[in-house]
Amino acid sequence: MAFKYQYLKKYLQCSLFCLFAFNFQISPIHAETRVFKNAFKDIEISGRVTDEDGLTLPGVSIKPVGQAGGSITDVNGNYTISVPNSTTLLEFTYVGFLAQKVEINGRKTIDVILKTDIKLLNEVVVVGYGVEQKKTLTGSVGIIKGESLKDLPVPTIDGILQGQTTGVQVTQNSGTPGGGMSVRIRGVSSIGGSSQPLYVIDGIPVTTGDFAQIGYEGQGVNQLSDLNPNDVESISILKDAAAASIYGARASNGVVLITTKRGSNKKSSVNFSASYGWQQAANQLDMLNARDWKLYRNDLAKAEIFSAEQIADNKVDVNWQDVIFRTAPMANYELSASGGDEKTKFFISGNLFDQEGILIGTDYRRINGRVNLDHKVNERLNIGTSIGLTYAKTNRVEGDQTLQGPLPNGISTPAIFPVFNEDGSYNQGGPYSNALSIANEAINENFSYRGIGNVYADYRILKGLTFSTKWGVDFINFREHAYESTKTVQGAKYNGLGFETFTNVLNIVSNNTLKYQFDIDKSKIELLGGYSFEKREARSSFIRAQDYADPSLQYINSASTIVSASSGGSDSGIRSFFGRANYNFADKYILSLTGRLDGSSRFSQNNRNGFFPAASVGWRISEEEFFKVNNISELKVRASYGLTGNDDIPAFLYAELYGNTTYAGQPAVYPSNIPNPDLKWETTIQTNIGLDLGLFKDRIQVTLDVYNKKTKDLLLSRPLPPSSGFSSITENIGEVENKGFEFSLTTDNLKESKLQWSTRLNFSMNRNKVLKLYNGQAIDDLGRGSNRIEEGQPIGIFYSYEWLGVDPSTGDVVYADKNFDGVITSADRTRIGNPHPDFIYGITNNLRYGNIDMSFFFQGSQGNDVFNGSRLYLESLQGGDNQLEAINRRWQQVGDITDIPRATNDPTAASQNKRVSSRFLEDGSYLRLKNLTLGYNFNREKLFNGKINALRIYFTGQNLLTFTNYSGLDPEVNYRGNDNAVIGTDFFTYPQARSFTFGINATF
């Protein structure tokens, strides 16, 4: 978008300068000051006016506020003005920039930096295969500007989406450095397929997902982590069918368009930024100390396991959370250069991000480089390229779903067990492997090498007719290296255990479009036609080995036994024809028609092609002659309807597949599935009605959207009779619906005073419902929280036993007998909770006073339930695990009124008391101070005589405050990562960190 502004700004600068040169008879060297004398003695003030990038501005008008007279800047942006001695303010105005009033305060030299008035320049929005003016946009598009991304210590692109726009729910599944997030645009639209959006960077769809073959559940690595958020200029989120259908078969879950920074035809500038900070765990679980654990163990055994002397003697009383959590540093350094002239523009950046995790054994380091180049060959031809290279290394530890991770092992180890033995070796006397030994001795390294690049050419065939071609490549090499020596319990079990995996993914993309724009009287017409194709190749290998002769040798060639080895590969592709027609009459009546025909190799010839059309209309009522309301600057209603698809499913579901085995000592193959050549797309039909309102010259902007989104032909497995030889077959047999309401409000609360203050609020509400399953059969008992998929209910509801409390007479848990048969069986299970929030929201405030700026951003979720699976073990009151401090109020004698059952080793009672039930279900609502930033901008002229264009220092705090009733480490969790059905469950999940960062930005 930036290059569009520069052409307009240059045109306005030259035009305005010529106009004033004529009226004021300006000499080629300087502007003559027009002085209107009065009875007071005049003072002379001089200075220079520039824009935010240091470019001088000719023709800027300078006037004394409340006085006659004025002056303008010359070709070098310099000015001189004589004003009465009583003058206190000068006002600087220039077309395309915000007016600025400056206090004189006795100064004789005043330099001013004017800010671009984006609204005045008819703000443009990046959409599929082009840009559109925001005022004529008829689709539902969320916009995140680059300035709202600065100073955020967020290492991933999906992380910066959180709370920034309506309709987008971002859940940070865990606090693992470099870990993935779940992004849902307008709800969950699939069960068996992906619900993640399509990401498009500089017009090229990119590869996302987790390619790790060594599973860590919610600790997965997301390939989006490879991309540098500081390279982002803007983000557009295509939410409804009208905006997204141009991407057809992959747009059901929405589309995220990311535009990286580019050069401009200004003088070259160099920017250096650096930040350093530290992170810490926001809170800890209240666990039993050594004394209380000994008392609990005596109660559990109903005997004196520990004597009174031993209970009083607590020389070893370890807080294992202090052992496994740490204060961890993080740093970010970036150097970039940009600039150019009318022919060539460039942007070059290099970045180093280094983050240690708050959990021992985890860290993340990434190095990025980017070159964006644009060149004007002649009046008809423009060419350019974008190249981004990344190297990333992640150290992970096991967590969630395991008993070999530092977090579950550390929390579950009683305080009576020391970390080290007297000889300095790890103490392995606890119920689980020593948490510190795992973190220090187990190696779990991931290496990612990635290159994303494209080249393009735009050729103007005739006036208004342009052909564009863009070719891109996205290559990922992902390697995992894992090894556990005999110093760990698991490593000792296998005499050394090692893994080595490789994954290579190559995606080649070509986009080719022909666009024709022309006007007929008051009508503006734009026609776009295009062809694109993608070819993807994926190759992988996996090796597991054990029995290492020397614990210092950790690679596969040092192992005596290869336990398993495999390799595989798959190729896929998609080719598409697409088109769009936009009609605009007098900026009042707007119509847009879009269609895309996709052919995907993921489906058989029977249903390989899918067509996805959409239509949208808009009416700018504020442009009508009959509607002239002084305080309403913009009023637009819009509506859209269309279809999008989802082909992000496992490959070859339609085909007959074979596995390999041995038979009678000879290699053999066998059929591994029943083919279904009639499989077809998951298709989403979406209707959207919206309203855009601007008040008081757009100082207040309101956007409302109501949508209905129905997805049919869901790809699900249905059961087969055992006689078939197979357990299930994949078919198009499901439907799901998402309905919602979105509201956003942007206000300039204080704009023309010395204190400037703006607010941005967004609110989103979505209701998810399963409409159809195979024969109405529910998909049941999913994950640790017993999620369920059932007709008429949201995806992934919690379905289990309703907990009624503890029986005062027995100390055992009481459950609701739903069928009144006198016994508690699986037939008594019922809906106990919903992991989907009632609504999500975010609010950002930006303030500026002089050289000081401050912003604070709150983000929240309301009404969602979380299953605290950690409590299932930490309040089990059985075995040798450490327990939560809450069990000190456990039932101990007849008549006790409490919510914690008795400690017992009775197998029947223990099993009943530890059932998955609503006892462990909690309100996961939260309000979080996600970001607080305080900055100071130094005066340019006082910095080395103006040799530094800008210098800013700042402090940023992340996750500083969290208001929640959830008792776990973090309410924003999901131990199964991006799973569509198993959601809202916490099982020893790595929590997000609280961070404090100091930074500096300098422009030369």
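Details of the overall build of the protein chain
Thinking step 1. What the protein chain contains, in helices and strands, is ten helices and 49 strands.
Thinking step 2. Radius of gyration (C-alpha) of the protein chain: 32 Å, near the 30 Å computed for a compact globule of 1004 residues.
Thinking step 3. When the backbone C-alpha atoms are referred to their principal axes, the protein chain occupies close to 105 × 70 × 60 Å.
Thinking step 4. Residues classed as buried in the protein chain amount to 53% of the 1004 residues present.
Thinking step 5. Relative to all contacts within the protein chain whose residues are 6 or more apart in sequence, the contacts with residues 24 or more apart total 69%.
Thinking step 6. Element-wise, carbon and sulfur atoms account for 55% of the exposed surface of the protein chain, whose accessible area totals about 42,700 Å².
Thinking step 7. Counting 99 positive and 105 negative side-chain charges, the protein chain places the averaged centre of each group 8 Å from the other.

Some words on helix H3 (residues 290-301)
Owing to its 3.6 residues per turn, the α-helix brings residues three or four apart onto one side.
Thinking step 1. Taking 1.5 Å of rise per residue, the twelve residues of H3 would be expected to cover 16 Å, and the 17 Å separating its terminal C-alpha atoms lies within 8% of that figure.
Thinking step 2. Elements in contact with the buried residues of H3: helix H4 (308-312).
Thinking step 3. A distance of 3.3 Å separates the backbone nitrogen of arginine 291 from a side-chain oxygen at the start of H3, and that oxygen is part of asparagine 289.
Thinking step 4. Trailing H3 by a residue or two, lysine 302 shows a phi angle of about 55 degrees, which is positive.

Remarks on the packing of aromatic side chains
Thinking step 1. Scanning the model with the defined rule gives 29 aromatic pairs in all.
Thinking step 2. Taken together, the aromatic side chains of Trp278, Phe955, Phe996 and Phe998 make up a single cluster linked through ring pairs.
Thinking step 3. If you follow arginine 784 out to its NZ or CZ, it ends over the ring of phenylalanine 987, 3.7 Å from the centre.
Thinking step 4. It is arginine 928 that lies over the ring of tyrosine 926; its NZ or CZ is 5.4 Å from the centre.

With respect to the pairing of strand S19 (residues 344-356)
Thinking step 1. Of the two faces of S19, the one lined by Lys345, Phe347, Ser349, Asn351, Phe353 and Gln355 is fully buried and the one lined by Thr344, Phe346, Ile348, Gly350, Leu352, Asp354 and Glu356 carries no buried residue.
Thinking step 2. Between strand S18 (residues 328-340) and S19, which pair antiparallel one after the other, the connecting turn spans three residues.
Thinking step 3. Connecting the antiparallel pair S19 and strand S20 (residues 363-376) is a turn made up of six residues, with glycine 361 showing a positive phi of about 90 degrees.

Regarding the environment of glycine 192
Thinking step 1. Locating glycine 192 in the fold gives a position in the loop between strand S12 (182-185) and strand S13 (198-201).
Thinking step 2. Classification of glycine 192 by relative accessible area gives partly exposed; the value is 45%.
Thinking step 3. When near neighbours in sequence (up to four residues on either side) are disregarded, glycine 192 contacts Leu715 and Leu716.

Re the confidence of the model for the protein chain
Thinking step 1. Summary statistics for the protein chain give a mean pLDDT of 88 and a share of 93% for residues scoring 70 or more.
Thinking step 2. Considering each helix and strand of the protein chain separately, the mean pLDDT is smallest for helix H1 (residues 2-24), with a value of 38, and largest for strand S45 (residues 921-923), with 97.
Thinking step 3. pLDDT under 50 marks residues 1-40. Its contacts with residues more than four places away, or in other chains, come to 64 contacts.

What about the pairing of strand S5 (residues 89-93)?
Thinking step 1. Residues Leu90 and Phe92 of S5 are buried on one face, while the alternating residues Leu89, Glu91 and Thr93, pointing to the opposite face, are not.
Thinking step 2. Bridge analysis of S5 against strand S6 (residues 100-103) gives four bridges, and the strand direction is antiparallel. The partner of leucine 90 across the bridge, within S6, is valine 102.

Here we look at the sheet that holds strand S15 (residues 232-238)
Thinking step 1. Read from one edge of the open sheet, five strands run S10-S15-S16-S13-S14, paired in mixed fashion. If you trace the sheet from one side to the other, it starts and ends with strand S10 (141-145) and strand S14 (204-205), each paired once.
Thinking step 2. Pairing between S13 and S14: two bridges, direction antiparallel. Note that in S14 the partner of valine 200 across the bridge is proline 205.

Here's the deal with the sheet that holds strand S4 (residues 78-84)
Thinking step 1. With mixed pairing, the three strands of this open sheet are ordered in space as S4-S1-S7. In the strand order of this sheet, the two ends are held by S4 and strand S7 (112-113), each with one partner.
Thinking step 2. Direction of pairing for strand S1 (residues 42-50) relative to S4: antiparallel, over a ladder of seven bridges. The residue bridging isoleucine 45 from the neighbouring strand is isoleucine 81, located in S4.

A look at the pattern of salt bridges
Thinking step 1. Per the stated rule, a full pass over the model turns up 42 salt bridges.
Thinking step 2. Among the salt bridges present, the one from aspartate 299 reaches lysine 302, with a minimum N-O distance of 3.5 Å.
Thinking step 3. A residue is classified by how much of its surface remains accessible, and aspartate 299, at 15% relative accessible area, is buried.
Thinking step 4. In this structure lysine 302 comes out as exposed when scored by relative accessible area, which is 58%.
Thinking step 5. The shortest N-O distance in the salt bridge between glutamate 623 and arginine 620 comes to 3.6 Å.

Focus on the side chain of arginine 396
Thinking step 1. Summarising the element assignment, arginine 396 is placed in the loop between strand S21 (381-395) and helix H6 (406-412).
Thinking step 2. For arginine 396, a relative accessible area of 3% gives the class buried.
Thinking step 3. Polar contacts involving the side chain of arginine 396 include one to the side chain of glutamate 480, which spans 3.2 Å.

Topic: the nonpolar core
Thinking step 1. Core analysis: the biggest nonpolar cluster contains 27 residues, and Leu285, Ile324, Phe325, Leu359, Leu407, Ile411 and Leu874 have the highest contact counts within it.
Thinking step 2. Looking at this core, the elements that each hand over two or more residues are helix H5 (320-324), H6 and helix H7 (435-441).
Thinking step 3. When near neighbours in sequence (up to four residues on either side) are disregarded, leucine 359 contacts Ile324, Phe325, Arg326, Val397, Leu407 and Tyr990.
Thinking step 4. Counting residues in each nonpolar core, the second largest holds 21 residues, with Ile157, Val170, Ile258 and Ile452 among its members.

A few points about the environment of lysine 769
Thinking step 1. Within the secondary structure, lysine 769 sits in strand S35 (residues 755-772).
Thinking step 2. In this view, lysine 769 contacts Val736, Glu737, Gly792, Gln793 and Pro794; residues no more than four positions away in its chain are not counted.

Some thoughts on unusual backbone geometry
Thinking step 1. Unlike most non-glycine residues, alanine 586 shows phi in positive territory, near 55 degrees.
Thinking step 2. Summarising the element assignment, alanine 586 is placed in the loop between strand S26 (559-585) and strand S27 (589-600).

Quick notes on the environment of alanine 668
Thinking step 1. Along the chain, the position of alanine 668 falls in strand S31 (residues 666-671).
Thinking step 2. Residues alanine 668 and lysine 535 lie 133 residues apart in sequence; the distance between their C-alpha atoms is 32 Å.
Thinking step 3. Ignoring sequence-local partners within four residues, the contact set of alanine 668 consists of Gly659, Asn660, Thr661, Thr662 and Tyr663.

About the thresholds
Per chain, residue numbering runs from 1 following the sequence as it is written. This being a predicted model, a pLDDT of at least 70 is required before a residue's local features are given, and a value of 80 or more before pairs of side-chain atoms are given or counted; all residues contribute to the totals for chains, interfaces and linings. With hydrogens and water stripped out, all remaining heavy atoms of the structure feed into the side-chain values. The helix count covers DSSP runs of H or I at least four residues long, the strand count covers runs of E at least two residues long, and both are numbered beginning at the N terminus. For the radius of gyration, the atom set is restricted to C-alpha positions; the globular benchmark scales as 2.2 Å times the number of residues to the power 0.38. Working definition: with a 1.4 Å probe on protein chains only, accessible area under 20% of the residue-type maximum means buried, over 50% means exposed, and in between means partly exposed. In this description, contact between two residues means that some pair of their heavy atoms is separated by no more than 4.5 Å. To be clear on the numbers: accessible area is Shrake-Rupley with a 1.4 Å probe, and residue cover counts the displayed protein chains and nothing else. Working convention for charge: Lys and Arg count positive, Asp and Glu count negative, and His plus the chain ends are omitted. We put the charge of a Lys on NZ, of an Arg on CZ, of an Asp on CG and of a Glu on CD. Helix span, as expected, comes to 1.5 Å for every residue beyond the first. Any N or O atom pair separated by 3.5 Å or less is treated as a polar contact, with the protein-specific requirement of one donor-capable and one acceptor-capable atom, and with residues adjacent in sequence counted only for side-chain atom pairs. Each pair of aromatic rings taken from Phe, Tyr and Trp, with Trp reduced to its six-membered ring, is defined by centres within 6.5 Å and is described as stacked if the planes are under 30 degrees apart, edge-to-face if over 60, and tilted in the remaining cases. In this scheme, Lys NZ or Arg CZ marks a charge over a ring once it lies within 6 Å of the ring centre and within 35 degrees of the ring normal. In short, DSSP must find at least two bridges between two strands for them to pair. pLDDT: the predictor's confidence for each residue, scored from 0 to 100. Definition used for salt bridges: Asp or Glu carboxyl oxygen within 4 Å of a side-chain nitrogen of Lys or Arg. Residue types Ala, Val, Leu, Ile, Met, Phe, Trp, Tyr and Cys, when buried and joined through side-chain atoms within 4.5 Å, form a set referred to as a nonpolar core.

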